[in-house]
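Structural characterization, general
The primary structure of each chain is shown beneath.
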Amino acid sequence: MNRQPRALLSVLLILVVGFLGWRAWNSARTDQEGGTELVVSDVSTRGGTLTSSLRSEPRSFNRLVEARVPTDLYSTLTGAKLVRINRATGEPEAGLAEKWTISPDNRTYTLTLREGLAWSDGAPFTSADVVFSLQAIYDAKAGSVLASAFKIDGKPIEVTAPDARTVVLTLPGTFGPGIALLDNLHLVPKHKYEAALKAGTFAHAMAVSTPPAELLSMGPFKLTSYAPGQRLAFDRNPHYFKKDAAGIQLPYLDQVIFEIVPDQNAEIVRLQAGQLDTLQQQVRPEDIGTLRPLEQQGRINLIEPGVSVDPDGFFFNMRAPYWSKDPRRDWITHKEFRQAISHAVDREAYANTVYLGAGVPVWGPITPGNKRWFTPNLQRYGHSVDRAKEILAGLGLVNRDADDWLEDPKGAEAQFSVLVFRGNTSVERGAQFLRDELKKAGVRVDVVALEQGAVIERMFKGDFESIFFVVLTSSLDPAMNADFWLSSGPSHFWNIGQPTPATDWEKQIDDLMVTVTTGVDEAERKKAFDDVQKIFADNLPALYFVAPRLYMGTSSRVGGVTPSILRPQLLWNVEQMTVTEDR
Amino acid sequence: MARYLLRRLGFALLLVLVASSAALLLTRLAPGDFAAAQGLDLTSAQREQLRETLGLNQSLAEQYVSRLGGALRFDFGESMLYSRPVSALIGERALNTAVLATTALLLATIVGMPLGIYSGTSSGLGRAAVRMVSTVGVSIPPLIGSLGLVFLAARTGWFPVGGMTSSAGADVTWSAWLADLVRHLPLPALALALPLAAALEKLQSESIETSVHEPFVAASRARGVDRARVVLRHAWPASLRPVLGLYGLMIGGLFSGSFVVEVVTSWPGLGRLMFDALKARDLFLVAGCAATGAFFLAAGTLLADLLLAWTDPRVTSGDEA
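Residues numbered from 1 in each chain as written. Chains lettered and ligands numbered in written order. Predicted model: local features only at pLDDT ≥ 70, side-chain atom pairs only at ≥ 80, totals over all residues.

So, about the overall build of chain B. Scanning chain B from terminus to terminus reveals 14 helices and 0 strands. Mapped in sequence order, the helices and strands of chain B form the string α-α-α-α-α-α-α-α-α-α-α-α-α-α. The principal-axis extents of the C-alpha atoms in chain B amount to approximately 85 × 55 × 40 Å. Relative to its full complement of 321 residues, chain B shows a buried share of 49%. In chain B, the proportion of contacts linking residues at least 24 apart, taken out of those at least 6 apart, comes to 74%. (Helix = DSSP H or I, 4+ residues; strand = E, 2+ residues; numbered from the N terminus. Buried ≥ 20, exposed ≤ 12 C-beta atoms within 10 Å, placed from the backbone. Contact = placed C-beta atoms within 7 Å.)

With that out of the way, let us pick up the sheet that holds strand β13 (residues 300-307) of chain A. Residue and element names in this part refer to chain A. One open sheet holds the 3 strands; their spatial order is β13-β20-β15, and the pairing between them is antiparallel. The open sheet has two free edges, formed respectively by β13 and β15 (359-361), since each of these has just one partner strand. For this sheet, the mean angle separating the axes of adjacent strands, direction not counted, is 25°. Pairing of β13 with strand β20 (residues 546-555), which is carried by 6 bridges, proceeds in the antiparallel orientation. Considered in β20, the bridge of isoleucine 300 is made with serine 555. (Pairing = 2+ DSSP bridges. Axes fitted to C-alpha atoms, helices over the stretch in contact; angles between N-to-C directions.)

Moving on: the confidence of the model for chain A. Per-residue pLDDT for chain A averages 90, and the proportion of residues at 70 or more is 92%. Segment residues 19-43 of chain A is flagged for pLDDT under 50; beyond a separation of four residues in sequence, or across chains, it makes 17 contacts in the model. (pLDDT = per-residue confidence, 0-100.)

Residues and elements named next belong to chain B. Here helix α5 (residues 125-139) spans 21 Å end to end across 15 residues, near enough to the 21 Å set by a 1.5 Å rise per residue. Taken together, the buried positions of α5 are Val130, Ser134 and Gly137. End-on, the buried residues of α5 take up no more than an arc of 55°, which puts them together on one face. Pointing more than 90 degrees away from the buried face of α5 are the exposed residues Leu125, Ala128, Ala129, Met132, Thr135, Val136 and Ser139. Packing partners of the buried residues in α5 comprise α4 (86-121) and α8 (186-211). (Expected span 1.5 Å × (residues − 1). Arc of directions from axis to C-beta.)

So, about unusual backbone geometry. Geometrically, the link from Leu250(A) to Pro251(A) is a cis peptide bond, its omega value of 0° lying close to zero. At the junction of Arg567(A) and Pro568(A), the peptide bond is cis and its omega measures out at -15° in the coordinates. As for its placement among the helices and strands, Pro568(A) is situated in the loop between β21 (558-559) and β22 (578-579). Positive phi values are uncommon outside glycine, yet Met206(A) reaches one of about 60°. The exposure class of Met206(A) is buried, given the 25 C-beta atoms found within 10 Å. Here the phi dihedral of Arg281(B) falls at roughly 60°; this positive angle occurs in a residue that is not glycine. For Arg281(B), a count of 27 C-beta atoms within 10 Å translates into the label buried.

Moving on, we get to the nonpolar core. Membership of the largest hydrophobic core comes to 249 residues, with the highest contact counts inside it found for Ala104(B), Ala193(B) and Val286(B). In contact with Ala104(B), not counting residues within four places along its chain, are Ala189(B), Leu192(B), Ala193(B), Leu196(B) and Leu254(B). (Core = buried A, V, L, I, M, F, W, Y, C linked by C-beta atoms within 7 Å.)

This is the structure in structure tokens:
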């Protein structure tokens, strides 16, 4: 019988706890509102905190073994390069190396480091750190993701350090991008990780559990705290080498914070609410309409760096054995079939449907965003369903029964499946648009959305009919993305890693890419790559429809932005960025 | 009672084993693996090397036996995604989820139960209004609820749009941190608590409505006992059995983390950890999260059973007639 009073007591207790919680919340709110009155906000170029978003957690702080966005952003803030490619001009600019010379045979680069460089712990930065970094990149046990980027024709670069301020790099052969190669070189402190490299544990160095004080920086900021699932906080690195034209020590900002916001909708809402200053990546087309009114109110800025260099791509499996027993083998890998598809797709409508008008039609993988390497003089397949049907009829594909689909003379239906990454909204919408467009031409497309890992695995195994996806470009120079163009390349998606070129046109591209990757005459390189693009457009191993226009969102308090079309579009020059006042 | 408790504990252990095994096996059997989930960042050779290093090339049976052996030694392996022990990751996130779950549970109880008692024992416009609101509350999925609350927070500025603490709270005193935490709690806690409060209200209402018509309630009233006293001291305890049954599931569900609410409101809890682990095909972390979820579910059910046994001794005696 004494249970009822206890139950009543429990209810009372719950009510009391709830009331206290409400009081605490209310008082915290009042405190915060009171606090804002104390803020004296002088417009200043130096100081302040910039808050950006991060959609996923870092898996490691070791940029040599991990290339994903969180680690790359960490490296952008805490790293410095010998020579950096200015993302706005595309030209190399001096970094830790104040000058360099190139030998007459274009194979030896001699770099002179600035005087007085130091890591964030105060230890001097010397040429030994550069030598060590390349050793770590080439170390098999370290498994660096940068290893292939620093091999020329499969051979490593020789590096020596005649003195503490001189680095000599001897390439096994000439390399088209030249000194720009060093934009990929992420540096690690020898005094900190030499033992790990010797012990074969370098791959696990700079794990996310490492205390921030042990992570050294040469960049504008250093990591001061990492709260898993919440945020990374970076403070100004007092040892950073750069100063502005007026001699003011960079960076201008005191602090940068990355709030981890996994949901893109929540990310946009937090920008709208003034809780974020910049976003990790571009604004989605569907969010632009929401942000425009705020832009007009002066609360946010929508910056348009240009046309993306990452168009949506679509390719068939071109491995002959995959189709050898398939009844569709007589037409599905023919270039005329792909040309018909290209004719059938209305690129303007694609831009309007998938990117809500914020896109430009493209005819190859190099978009107008890549001003240096883009060529407009490519074979274009204008939108014409009739022309598409004509080409398909030439392949024997005509409607032989009462349904909507074409059939070949043996009765095989004009049909194929296309795999897409689940959750990538523009790619999913693009694949659905392709399906709808091809239906008009009598070709049936089954769109299959799978997790990214499953699509990648099937792609590498060659177990797919076609794939629709977007490849993220890390460099504008095609020589840095040769894996895509070369028939032997691991990113030659339609037929990966061929021992010898499977087709004549792939052989022609392979030959031209030799000039692109090893040539030192820029005009010759450009001409060779124009020819590569023309061959590609004629044979269409992959079809490209539209490249989106990029929009970056920032709060109106952010200044000093020089947007780039390459990632990270805004933070690449974070040392120059400013905030005008605290929130 | 001891026998009853042992039986329930045995069931709890079995649930944890089955849930974690199923999670491991299903994640392993699904197409792709952790190496493939790295996307195009790795070359084919690096992908194979990674598989070798992580033991992903082992057979399903080998992997399962190895994991089971580890779990018996309380070694849940290392997360492939974060290169950290699974137990440490789960420990951190479970604490965050527990804070949110406790708040949501309290909120759901404070709102749902009294309203259920009220609507189950009264009539008229008030009862109709409560029932209508709870029907709406039950019908709103957590995704819509949390997005709606995020929108409300953004428009009004009443509370932060997301996160567990604010950036400014990174280097503050303990009390300021706590105040900051309390300021961030309403959004995710409401998103979780509102549908639960509505469900509790409905169940409590139906249950107490039956109880108030029991002969012992009528007898108490006939003896002249005050109506409110009869409802709270006699009818309500008798109506708790189905409510406590739901409570067990609620506790389990809340404490194992809601990935929808945690992702939308950027709350760093277990649900989000499990979601990230599943996306990356991190076998051991998925199994660890599933085991933790099952543990909380079993603990919640056990707690509800104990509460039920406390309020209704017929449960343990087997005399339920």
